[in-house]
Amino acid sequence: MSSRRFRPSVAGGFLLATVLVVAACSSSSTESKAPASTGPLPAPITVTPGGDTNNVDPLTPVQVTAGDGMLTKVSMTNEDGAPIEGILTPDKTAWKPTQPLGYGHTYSVAAEGLSITGPTSAKSSFATLSPGNQTKVYFTTSGGNALTDGGTFGVGTVVVAHFDEAVPDRAIAEKFLSVKTDPGVEGSWYWLDDQNAHWRPREYYAPGTKVTASANVYGQELGGGLYGQEDTSTSFTIGPSHVSIADDNTKQVSVYENGQLIRTMATSMGKGGTEVVGGTTFSFWTQPGVYTVMDKANPVIMDSSTYGLPINSRLGYKEEIFYATRISTDGIYLHQLDSTVWAQGNTDTSHGCLNLNATDAKWFFDFAVPGDVVEVRNTGGAPLEVWQNGDWGMPWEEWVAGSALA
């Protein structure tokens, strides 16, 4: 409280003395009486949370207030004696820390001040809760790579909120997830499983859209005693519209940038059909659907045993492949394969990948960014599923129903 509030009391006392002197010189017999007390004075200093409090939520506001006076000194330390920085209000009537509290700490607050009755002080000590388990959220592409802060991504980018622990209550967790865009778009979360929530807009982003994804989970209980470890946020920009159409009728990949056709590439896709090897049925289709670019590598080792097809079987393989751009979780790539150049543009020969010649494969590798769209049309086999990176193939109503808050 400002020192200005002390002066009216002094002035009031002076005025009362003057009135008494004047009355003594008067012939009036009226007696003057001091005003009656209006009640107890407010507490000089209050500290919140109060002393000897345990399991305090680290998001609980900590505040020191002067009831009828001003604060002259406030200190706050943790159990190791390390100081916690804070700030006073301009009138010195309140103080609060300027840094967040942590889990599992004991804090001590000591405050001194001046009140109407003179110097005063207060102390408090409290302990924050210690979660049995914590989880951190990582924002990634559908390929599992970081949505780099300040990065540029494609118009089909799916924001993945990956929790490093299984979430007991998806609905609570989703309340603390947000995606904001400029310009604004209609979008929704879809839970792939207990650790991964996917967000996408109803339609592809417009080029130049600014996107900010946030997980404000720190201090929040997400069910079953699981607490958020820390808040996470990232911002990125949507680049030019890159949409490639791979049509099995023509065996061509047509690449569009901002709606304009800029390149056509001959391809050889999955030869189709299925075969049972070792009791497991393998499909050799390039599944129809809307894929997005997940990541790329040059070179990459392609090994059929990674999805259960033995290398030494008739259809098995393990070889070094160049300029490989991945578009599905189960290993569909657009990549260079010189041995099938004869088939590219006329015959499907692959296990499911889209084979390209060396020039086209390198060009697409250099051109593509994560989140670019690749639509595969007119092939056989089952449609691409969400878990395979088929987020955009799901009807919007079904996608929205996958929100825990639907």
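Residues numbered from 1 in each chain as written. Predicted model: local features only at pLDDT ≥ 70, side-chain atom pairs only at ≥ 80, totals over all residues. Heavy atoms only, no water.

### As for empty space enclosed by the protein
- Tallying each qualifying case throughout the model produces one cavity of 30 Å³ or more.
- Every residue lining the largest cavity is listed: T141, S142, G156, T157, V158, T292, V293, P370 and G371.
- Its residues placed into classes, the lining of the largest cavity shows three nonpolar, six polar and no charged. (1 Å grid on protein atoms, 1.4 Å probe; cavity = no way out; pocket = protein on both sides within 12 Å on 5 of 7 lines; lining within 4 Å. Points joined across faces, edges and corners; volume = space filled by probe spheres on them. Nonpolar A, V, L, I, M, F, W, Y, C, P; charged D, E, K, R; others polar.)

### Considering the pairing of strand β13 (residues 177-182)
- Only one face of β13 is buried, namely the one carrying L177, V179 and T181, since none of S178, K180 and D182 on the opposite face is buried.
- Relative to strand β16 (residues 210-215), β13 runs antiparallel, the two sharing six bridges. Counterpart to L177 in the pairing with β16 is A215. (Buried < 20%, exposed > 50% of the residue type's maximum accessible area, 1.4 Å probe, protein only. Helix = DSSP H or I, 4+ residues; strand = E, 2+ residues; numbered from the N terminus. Pairing = 2+ DSSP bridges.)

### A closer look at the sheet that holds strand β11 (residues 152-153)
- In space, the four strands of this open sheet follow the order β11-β18-β16-β13, with mixed pairing throughout. Either end of the sheet is taken by a strand with one partner, and the two such strands are β11 and β13.
- Here β11 runs beside strand β18 (residues 232-238); their pairing, made up of two bridges, is parallel. What sits directly across from F153, in β18, is I238.

### Here we look at the packing of aromatic side chains
- Across all of its chains, the model carries ten aromatic pairs by this definition.
- Between F153 and F236, the ring centres sit 5.3 Å apart and the planes meet at 80°, which makes this aromatic pair edge-to-face. In this pair, F153 sits in strand β11 while F236 sits in strand β18, placing the two residues 83 residues apart along the sequence.
- A relative accessible area of 7% means that F153 is categorised as buried.
- Considering the side-chain rings of F163 and W191, the 5.8 Å spacing of their centres and the 20° angle between planes classify their relative orientation as stacked. In this pair, F163 sits in strand β12 (residues 159-163) while W191 sits in strand β14 (residues 187-191), placing the two residues 28 residues apart along the sequence. Considered together, F163 and W191 belong to a single accessibility category, that of buried residues.
- Site record: aromatic cluster; members linked through ring pairs are Y103, Y218 and Y227.
- Between K271 and the ring centre of F284, over which it is positioned, the NZ or CZ distance is 5.2 Å.
- We note K296 situated over the ring of F365; from NZ or CZ to the ring centre the distance is 5.2 Å. (Phe/Tyr/Trp six-rings, centres within 6.5 Å; stacked < 30°, edge-to-face > 60°. Lys NZ or Arg CZ within 6 Å of the ring centre and 35° of its normal.)

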